[in-house]
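So you can see what is in the structure, the chains are spelled out below.
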Amino acid sequence: PVTCAFPSAEAPARVDVVLVVDVRSSMLGWLSVLAEQLPLLAATLDEGHVDAMYGVLLYSDEVPAGGTSPVPLAKETSQAEAALAGAAAFVTTSDLPENGLEAVAWAASGFTWRAGAQRVMILAQEDVMHDPVDNSGKSSTPVTDVLALVHREVAIHTITSSQNTEAFEDPVHP
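Residues numbered from 1 in each chain as written. Predicted model: local features only at pLDDT ≥ 70, side-chain atom pairs only at ≥ 80, totals over all residues. Heavy atoms only, no water.

A. Broad picture of unusual backbone geometry. Residues V63 and P64 are joined by a peptide bond in cis, for which omega reads -10°. Phi is positive for H49, which is not a glycine, with a value near 60°. Take H49: it is sitting in the loop between helix 1 (28-47) and strand 2 (51-59). (Helix = DSSP H or I, 4+ residues; strand = E, 2+ residues; numbered from the N terminus.)

Here you go:
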């Protein structure tokens, strides 16, 4: 079941939700699950009388993923669901390292977030973030730059297909 917990006793009046989704071959099974779960999340927020909008950003080696365009925030989930359901067409079979930090940074600045809405990103990725440039395990987008974009403005939740429970391989790397 889908549940939503807000830090305060009262749910925010408006929430903008962006799914930032890794489209690597190891995520193939998860793409349909995300598409199926999005309407349940929307129904849960609706039941709580939350004015929610939904968007999607697919990424792999490129942000956005090659051949895709971000789905802008909208009240109806149909476009976001369609993007997730159709994401399998953009799955890459190579396993070059990718890094969700670039995708989070793109989503933070590339979406038109509503003024006064709680901003939420759901980052769905195959494994811990790692760098596409030098395979060092370090991000080419510094965590500090991403934090500056999202600080006090975006709540980020991660979902991973990996057994690893850490979202960031080296969270203190500047």
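Further notes follow.
B. Molecular detail of the pairing of strand 2. Among the nine residues of strand 2, eight are classified as buried, and the element is accordingly described as predominantly covered. In the sheet, strand 1 (residues 14-22) pairs with strand 2 via nine bridges, with the strands oriented parallel. Paired with V17 across the bridge in strand 2 is Y54. Remark: the strand 1/helix 1/strand 2 crossover connection has right-handed handedness. (Buried < 20%, exposed > 50% of the residue type's maximum accessible area, 1.4 Å probe, protein only. Pairing = 2+ DSSP bridges. Right-handed = clockwise from strand over helix to strand, strands pointing away.)

C. Local environment of the packing of helix 1 against helix 2 (residues 78-85). Closest axis-to-axis distance for the helix 1/helix 2 pair is 8 Å, and the angle between their directions is 165°. When the axes of helix 1 and helix 2 are compared, the pair comes out roughly antiparallel. Judged by the sense of rotation from one axis to the other, the crossing of helix 1 with helix 2 is left-handed. Two secondary-structure elements touch here, helix 1 through L31, L34, A35, L38 and P39 and helix 2 through A80, E81, L84 and A85. Partitioning the contact of helix 1 with helix 2 into residue classes produces eight nonpolar, no polar and one charged. (Axes fitted to C-alpha atoms, helices over the stretch in contact; angles between N-to-C directions. Parallel < 35°, antiparallel > 145°, perpendicular 65-115°, else oblique. Left-handed = near helix turned anticlockwise from the far one by under 90°. Contact = heavy atoms within 4.5 Å. Nonpolar A, V, L, I, M, F, W, Y, C, P; charged D, E, K, R; others polar.)

D. Looking closely at the pattern of salt bridges. For the coordinates displayed, the defined rule picks out three salt bridges. Two residues, K75 and D51, come together in a salt bridge whose shortest N-O distance is 1.9 Å. Of this pair, K75 sits in the loop between strand 3 (71-74) and helix 2 while D51 sits in strand 2, and the two are 24 residues apart along the sequence. A salt bridge links D51 to R114, with the shortest nitrogen-to-oxygen separation between them at 3.0 Å. Note that D51 is positioned in strand 2 and R114 in the loop between helix 3 (100-110) and strand 4 (118-125), a separation of 63 residues in sequence. For R114, a relative accessible area of 14% corresponds to the buried category. What you see here is one network of salt bridges that share partners, running through D16, D51, K75 and R114. (Salt bridge = Lys/Arg side-chain N within 4 Å of Asp/Glu carboxyl O.)

E. Here's a closer look at the packing of aromatic side chains. Here the structure, examined in full by the defined rule, presents two aromatic pairs. On the basis of an interplanar angle of 85° and a centroid distance of 5.8 Å, the ring pair of W106 and F111 is categorised as edge-to-face. Of the residues examined, F111 reaches a relative accessible area of 7% and is grouped as buried. Grouped by ring-pair contacts, the aromatic residues W106, F111 and W113 constitute a single cluster. (Phe/Tyr/Trp six-rings, centres within 6.5 Å; stacked < 30°, edge-to-face > 60°.)

F. A look at the environment of A103. Inspection of the secondary structure puts A103 in helix 3. Here A103 falls in the buried class, since its relative accessible area comes to 0%. Note: C-alpha distance between A103 and L57 (46 residues apart in sequence) is 7.7 Å. Discounting residues that sit within four places of it in the chain, A103 has contacts with V20, L57, Y59 and V63.

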